Amino acid sequence: MLVRESAFWSNVLPLQEANMISRHIQSHHVDLKLETELKEIQSDDKGCVQSIVTNRGETISCQFVGLTVGVSPAIEFLKDSGIATKRGILVNEYLETNIPDVYALGDCVERTYDLPGRRNIEQVWYTGRMMGEVLAQTICGVKTKYEPGPWFNSAKFFDIEYQTYGNVRSTTENIENEFYWEHSGGTKCMHLVWNKQTQQFLGINSFGIRLRHECFDRWLRDNQSIQFVLDHLKEANFDPEFFNRYEDEIIKQFSETFPNLKANSKVTSTL
Amino acid sequence: MKTIKTVGLILFITGFCLFNGLFFSADYSLTREIVKAQISDEQKQALFLQSDSSLLNQNVSSVFSFVTQIERIFDVVNQIQASTYGITQEELYELSARSGNQFSLGAVDSLYIGEDAISEFKKKAWKDYASWLEGRTFESSEELKNQLQGIVSNINQYGIINQVGFDRYQIKDITYSLTKASAVGPVKSNPILFLLLTIGLCIAGALLYILPKLTLLPGIKNNGIFFNVMKNTGWLGILTGTWLILFYVVLYFYPQYMTQWITLVDPVSKALNGNEAGRFFLYGFIYTLCILVMGVRMIIHYRHSKYQVLRTCSVMFFQTAFAFLIPEILIRLNKPYFDFKNIWPLDYSFFFDSRISELISAGTLGIFMLGWGIALIIIGVPVLVYFFGKRWYCSWVCGCGGLAETLGDPYRQLSNKTVKAWKIERWMIHSVLVFAIVMTAGVIYTYWTGASWFLFFDSYQLREVYGAFIGAGFAGVVGTGFYPLMGNRVWCRFGCPLAAYLGIVQRFKSRFRITTNGGQCISCGNCSTYCEMGIDVRWYAQRGQNIVRSSCVGCGVCSSVCPRGVLNLEVKEESGRFGKPILIGNNNVKISE
Ligand SMILES: Cc1cc2nc3c(=O)[nH]c(=O)nc-3n(C[C@H](O)[C@H](O)[C@H](O)COP(=O)(O)OP(=O)(O)OC[C@H]3O[C@@H](n4cnc5c(N)ncnc54)[C@H](O)[C@@H]3O)c2cc1C
């Protein structure tokens, strides 16, 4: 597997997580070639793929090539339809295009209005689903705006589940502070980001530990602080019964790293 | 690794083929000594030996022909007894002539004046069968005669066989024990060797096939499951199901043909309880081994999940200790056979008079067992289901559940998820519960009053129908035989009356639910696919709603296979358990209920 970046999906994930996932992919016997790009696909005399050449000059023989270099809306067929497009199909907050009774939603859509902290083309499953829900209400007679709540997403990399709530960027911005914990087994980690000045919690990445959507949705809406989130981290655990719990370890490491942001792990559960 | 797996497969198939081959491996030779040892009643023993000696000391090479000949002998004996003890038409005429149109047993006494056995038998038979007519007056002597005709045919048909011949239960039992004792062949002379070569080889082969799974990284690995002819109702699955169905039919209804298999485990049985093995010892032995070996597979398969590992250890423990070893040890100590974790109405014979009498006569321990069993029904079930959900029993303790969760795990994806199946399920399982309650009420009524007629049925007949159709047919033949055809919980889902009872409590009074994690469901459908109870879990998860269903056995596999951490088995306060459908993340959208 060729990856242009220095670690798998490091254009989205912070380097720590990207490295962990890279190691996990390799443990599944996938030969992960980082900082390597595809230069050429070579065919045999029947026109089938025979091998590829990388930009480092290596030739790898193969029978099948999967290209996953990102998605872009396939909207060429709308060119002469009169529907306004840019990179995607342009829609307003009601998912209406410029032509009455023609709506668009999902991966192919480009919003003409801004939503704070969100890109105008959001190609993920959940936004597609939520747009569907909104549009269904509109079509059924209750005209509804598309107004997604705090950002969340999830994925699974081989055996490692990933959930994210709020915004954890691949590189933190100036005003942001971050905390990263990784389990010694190398298949679980947590990454929290907050505002340096206000201590407002901004987002979390969790790998190998399931978190409760409802808790983080509420805490993000309520602009809770990083201390609050750590105080209540146990409530947000969604792992099955009997699974090992890591909150104490995480909180301990956090207190050691940020002694003046001491989290009180003794807060009793409110759930 | 592949080589080890292949070797394992070959060993397993070899052991399995040999096991099947043993079915036909013996010759049968009936001797006087065997008859004397197996038929305890001396008169009947003599009858059996006199009526037809052509089979004695003959070598019969087919179990089928041997059993047929034994059964013929029973027929002959019964015919002889019928003609010896049968009440003749002359006697009937004479009796009706003497009675006029009023019946009295005095007339019977005056008819049979002899002191011989035959006269004594006939007098007694009339008393047993006709005393309810004593003193009754009829319209005409013709009518009395008709009434008496019915009684005569009852005596001739049942009375004689029961008293001085062989009734069908005895025929079944004795045919089985004669066949087992008459067998001569390799198994008889070397049971331990053949036990190792059959079941032993199967275990070794299965483990060799299973253990290499450890080289895969921990995590859900269900790749290619629907391309596997064993797991997608392909030819191998159908073949396996057919074999299991046949095995159960023979086990429950024709044990006389499988004596070779039973002989195989005689040494194990003797070591444990001191007696020769019976068919249910063999069954329990194989059953426990299946749970243990396939439990190892289950643990390896789900070793990333502590919940699954602990749960599997639990069913392995309860089967081995509670269902298998403790009852055998109790027998060795001359105590009643008792499975401390079996609960009525799954244990449908718990209130049968024979078992109650056995417990009551077994002193303090027996009374404790009786009390324990009743406490489980009225306290254990509701209290534990309230705190943990019905899973405490169905997927942590129960033997049927234990087999389903281990041997049956590869088939869980075959359960039907349609709404129609759900409807059928609810009708069926609750009907069986009603059936079990009515049957048991009859049994208890008969126990207290001695009368067999209860409401609208004969309690003996009803318990027999229940035993054959539900106990053996549904729980055994269909319950396990259909694993590779309809999934591993056919019995638990459609038939088990205890599951119905636990389910009612779980649905209406429990802290247990499967929580859906907000809006994280991606509709992949793994949860529904692998739900052995056929619950369409995804339907709830998609709308962000908790799953509260009476049938859920809490195996936790939906949560294990979910790739997004959406499902979690939880016990929390009752309020809010059902939960409104919510879809977190979308501000303007509410789902209508
Ligand atoms: C490899 C991969 C992994 C992903 N992982 C995640 C993840 O972990 N989490 C997450 O949230 N999201 C993930 N996504 C993104 C997510 O899958 C998409 O956002 C989502 O499927 C988009 O749904 P949609 O209905 O808008 O578009 P699509 O599912 O792409 O559906 C568009 C449909 O339109 C059809 N179509 C196109 N042109 C025409 C035409 N001219 N006429 C008729 N039909 C046409 C296509 O055939 C297709 O069926 C992933 C995507 C990929 C590719």
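Residues numbered from 1 in each chain as written. Chains lettered and ligands numbered in written order. Predicted model: local features only at pLDDT ≥ 70, side-chain atom pairs only at ≥ 80, totals over all residues. Heavy atoms only, no water.

### As for the overall build of chain A
Regarding its fold elements, chain A presents five helices and 10 strands. Each of the three principal axes of chain A carries a C-alpha extent, and together these read 65 × 55 × 40 Å. Within the span of chain A, comprising 271 residues, buried residues form 46% of the whole. Of the contacts formed within chain A by residues at least 6 apart in sequence, a portion of 49% connects residues at least 24 apart. Total accessible area on chain A stands at roughly 14,200 Å², and carbon and sulfur atoms take up 49% of it. When the 28 positive and 37 negative side-chain charges of chain A are each reduced to one mean point, those points stand 2 Å apart. (Helix = DSSP H or I, 4+ residues; strand = E, 2+ residues; numbered from the N terminus. Buried < 20%, exposed > 50% of the residue type's maximum accessible area, 1.4 Å probe, protein only. Contact = heavy atoms within 4.5 Å. Areas by Shrake-Rupley, 256 points an atom, 1.4 Å probe, with all protein chains shown as cover. Lys, Arg positive; Asp, Glu negative; His and termini not counted. Charge placed at Lys NZ, Arg CZ, Asp CG, Glu CD.)

### Focus on the pairing of strand 7 (residues 160-166) of chain A
All names here are of chain A. In terms of burial, strand 7 is largely enclosed, as seven of its seven residues are buried. The pairing of strand 6 (residues 152-157) with strand 7 spans six bridges and is classified as antiparallel. The residue bridging phenylalanine 157 from the neighbouring strand is isoleucine 160, located in strand 7. In this structure, strand 7 lies alongside strand 10 (residues 201-207), joined through five bridges in antiparallel fashion. Across the sheet, residue glycine 166 finds its bridge partner in strand 10, namely glycine 203. (Pairing = 2+ DSSP bridges.)

### Details of the environment of asparagine 20 of chain B
All names here are of chain B. For asparagine 20, the position within the fold is in helix 1 (residues 2-22). Sequence-wise, asparagine 20 and tryptophan 261 are 241 residues apart; in three dimensions their C-alpha atoms are separated by 8.8 Å. Residues within four places of asparagine 20 in sequence aside, it is in contact with Trp243 and Trp261.

### Side note on the packing of helix 11 (residues 191-210) of chain B against helix 15 (residues 279-301) of chain B
The angle between the axes and the distance between the axes are what describe a pair of packed helices. Residue and element names in this part refer to chain B. Running from N to C, helix 11 and helix 15 cross one another at 15 degrees; their axes reach a closest spacing of 9 Å. Our classification of the angle between helix 11 and helix 15 gives roughly parallel. Crossing of helix 11 against helix 15: the hand is right-handed. Counted together, Leu195, Ile199, Ile203, Ala206, Leu207 and Ile210 of helix 11 and Phe285, Ile286, Leu289, Val293, Met294, Val296, Arg297 and Ile300 of helix 15 form the full contact between these two elements. (Axes fitted to C-alpha atoms, helices over the stretch in contact; angles between N-to-C directions. Parallel < 35°, antiparallel > 145°, perpendicular 65-115°, else oblique. Left-handed = near helix turned anticlockwise from the far one by under 90°.)

### Digging into the interface of chain A and chain B
Taken residue by residue, the interface counts 37 residues in chain A and 41 residues in chain B. Around 3,200 Å² of area is buried between chain A and chain B when both sides are counted, 46% of it from carbon and sulfur atoms. For chain A, the biggest contributors to the area lost against chain B are Phe238, Glu241 and Phe242 of chain A; these three give 20% of the whole. Across the contact surface, chain A and chain B share three salt bridges. (Buried area = accessible area lost by both parts, 1.4 Å probe. Salt bridge = Lys/Arg side-chain N within 4 Å of Asp/Glu carboxyl O.)

### A word on the domain arrangement of chain A
Residues and elements named next belong to chain A. Looking at chain A, the domain boundaries give domain 1 (2-61), domain 2 (76-139) and domain 3 (152-261). Across the boundary between the two partners, domain 1 contributes 17 residues, which contact 18 residues of domain 3. Together domain 1 and domain 3 conceal approximately 1,400 Å² of surface at their shared face, both sides included; 69% is due to carbon and sulfur atoms. For the domain 1 face of the interface with domain 3, the top three residues by lost area are Glu17, Met20 and His24, together amounting to 37%. (Domains from an automatic or database assignment.)

### Remarks on the site of the ligand
Phe77, Gly106, Asp107, Gln123, Val124, Trp125, Tyr126, Asn153, Ser154 and Ala155 of chain A together with Arg564 of chain B make up every residue found near the ligand. The local environment of the ligand is shared, drawing residues from chains A and B. Between aspartate 107 of chain A and the ligand, the recorded distance is 2.7 Å, taken from a side-chain N or O atom to an oxygen atom. Arginine 564 of chain B is positioned with one of its side-chain polar atoms (N or O) 3.0 Å from an oxygen atom of the ligand. (Near = heavy atom within 4 Å. Polar contact = N/O pair within 3.5 Å; in protein donor to acceptor, adjacent residues only side chain to side chain.)

### Comments concerning the sheet that holds strand 3 (residues 59-61) of chain A
All names here are of chain A. Strand order in the open sheet made by the three strands is 1-2-3, with antiparallel pairing throughout. Edge positions in the sheet fall to strand 1 (38-43) and strand 3, since each of these pairs with one other strand and no more. Put simply, the sheet's adjacent strands are angled 25 degrees from each other on average, direction ignored.

### What about the packing of aromatic side chains?
Taken as a whole, this structure holds 65 aromatic pairs over all chains when the rule is applied. Centroid distance tyrosine 248 of chain B to tyrosine 283 of chain B: 5.5 Å. Interplanar angle 80 degrees. Geometry classified as edge-to-face. On the criterion of sequence distance, the pair formed by tyrosine 248 of chain B in helix 12 (residues 235-253) and tyrosine 283 of chain B in helix 15 is long-range, its members being 35 residues apart. Its relative accessible area of 3% is what places tyrosine 248 of chain B among the buried residues. Directly above the ring of tyrosine 113 of chain A sits arginine 111 of chain A, whose terminal nitrogen or CZ lies 5.5 Å from the centroid. Cation over ring: lysine 5 of chain B sits above tyrosine 209 of chain B, and NZ or CZ is 4.8 Å from the ring centre. (Phe/Tyr/Trp six-rings, centres within 6.5 Å; stacked < 30°, edge-to-face > 60°. Lys NZ or Arg CZ within 6 Å of the ring centre and 35° of its normal.)

### Digging into helix 18 (residues 363-388) of chain B
Residues and elements named next belong to chain B. Considering bend angle alone, the principal kink of helix 18 is centred on leucine 376 and spans about 45 degrees. Regarding helix 18, the residues found buried are Gly366, Met369, Leu370, Gly373, Leu376, Ile377, Gly380, Val381 and Val385. Buried residues in helix 18 make contact with helix 16 (306-332), helix 17 (353-360), helix 19 (391-394) and helix 25 (497-508). Backbone geometry just downstream of helix 18 places glycine 389 in the positive-phi region, at approximately 90 degrees. (Bend = angle between axes of the 7 residues up to and from the residue.)

### Notes on the state of the cysteines
All names here are of chain B. Tallied over the full model, the rule gives zero disulfides over all chains. Not part of a disulfide, cysteine 394 finds its nearest cysteine sulfur in cysteine 398, a span of 6.4 Å. Taking the relative accessible area as the measure of exposure, cysteine 394 reaches 7% and is therefore buried. Of the cysteine sulfurs around cysteine 524, a residue in no disulfide, the closest is that of cysteine 527, at 6.1 Å. You can call cysteine 524 partly exposed: its relative accessible area is 40%. (Disulfide = S-S within 2.5 Å.)

### Topic: the nonpolar core
All names here are of chain B. The biggest cluster of nonpolar side chains holds 73 residues, and the ones touching the most others in it are Tyr393 and Leu567. Beyond its immediate sequence surroundings of up to four residues, tyrosine 393 is in contact with Lys341, Asn342, Ile343, Leu346, Cys398, Leu498 and Leu502. Core analysis: the second largest hydrophobic core is formed by 62 residues, Phe74, Phe194, Tyr257 and Trp261 among them. (Core = buried A, V, L, I, M, F, W, Y, C linked by side-chain atoms within 4.5 Å.)

### A word on the environment of tyrosine 176 of chain B
Residue and element names in this part refer to chain B. Relative to the helices and strands, tyrosine 176 is located in helix 9 (residues 168-182). Here tyrosine 176 falls in the buried class, since its relative accessible area comes to 16%. Sequence separation between tyrosine 176 and methionine 258 is 82 residues, and the spatial gap between their C-alpha atoms is 8.8 Å. Excluding residues within four positions of it along the chain, tyrosine 176 makes contact with Pro255, Gln256, Thr259, Ile262, Ala277, Gly278 and Arg279.

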